[in-house]
Amino acid sequence: MDEDYTEEMRKFYRKYRPLRKEFNLRMKSHFDNYGNNRIELWECRGYREERCACRIVEKSAEACYRKAASMLDIFEWRREGRYEEQKKTG
């Protein structure tokens, strides 16, 4: 379990760090033993949070990081315009 958690967290941060600088993202997270696991990513302008880019709520921390990493891919594709191109081609 610890290896899965560590690996999912590393995958998430490998995707998050470059996007954080490029799109001025801020992360808020909460994890506990009762299954209330949450990651929120916000687009910011200066110190002000402008828009929630994604909000992930899952029972396990591993699933939360896994889903957040896949949402970062979609976020990046949408910002670069590749998501709509991929939807059109199927």
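By convention here, each chain's residues receive numbers from 1 onward along its written sequence. In keeping with the model being predicted, local features are shown solely for residues with a pLDDT of at least 70 and side-chain atom pairs are shown and tallied solely at 80 or more, while totals for entire chains, interfaces and linings include all residues. Water and hydrogen atoms play no part in the side-chain values, which are based on all heavy atoms of the structure.

A. Region of the structure containing the packing of aromatic side chains. Two rings belonging to Phe, Tyr or Trp (six-membered ring only in the last case) form a pair when the distance between their centres is within 6.5 Å. Interplanar angles under 30 degrees mark stacking, angles over 60 mark edge-to-face geometry, and anything in between is tilted. If you walk through the whole model with that rule in mind, you get 8 aromatic pairs. On the numbers, 5.4 Å between centres and 85° between planes, the contact of phenylalanine 23 with phenylalanine 75 is edge-to-face. Here phenylalanine 75 lies in helix 2 (residues 61-80) and phenylalanine 23 lies in helix 1 (residues 2-23), a separation of 52 residues in the sequence. Grouping residues by exposure puts phenylalanine 23 and phenylalanine 75 together as buried. An aromatic cluster of three or more residues is present, and its members are Tyr5, Phe12, Tyr13, Tyr16, Phe31 and Tyr65. Per the convention used, a helix needs a DSSP run of H or I reaching at least four residues, while a strand needs a run of E reaching at least two, with both numbered from the N terminus. Accessibility here uses a 1.4 Å probe with only protein chains present; expressed as a share of the type maximum, an area under 20% marks a residue as buried, one over 50% as exposed, and anything in between as partly exposed.

B. Fine view of helix 1. The length a helix should cover is 1.5 Å for every residue beyond the first. Between its first and last C-alpha atoms helix 1 spans 31 Å; for 22 residues at 1.5 Å apiece the expected length is 32 Å, and the two agree. Note that the bend at a residue is defined as the angle between axes fitted to the seven residues ending at it and the seven residues starting at it. By the largest-angle criterion, tyrosine 16 marks the main kink of helix 1, which is about 25°, and a proline, proline 18, follows within four residues. By the burial criterion, the buried members of helix 1 are Glu8, Phe12, Tyr16, Leu19 and Phe23. The contact definition used throughout considers only heavy atoms, calling two residues in contact when any of these lie within 4.5 Å. Residues of helix 1 that are buried in the fold lie against strand 1 (25-30), strand 2 (37-45) and helix 2. In the segment just after helix 1, asparagine 24 is the residue with positive phi, at about 55°.

C. Structural context of the pairing of strand 3 (residues 48-58). Across 9 bridges, the pairing between strand 2 and strand 3 is antiparallel. Bridging from a neighbouring strand, isoleucine 39 pairs with isoleucine 56 of strand 3. The antiparallel pairing of strand 2 with strand 3 creates a hairpin that spans 2 residues between the two strands, and glycine 46 there sits at a positive phi of about 70°. Note on pairing: two strands pair once DSSP finds at least 2 bridges between them.

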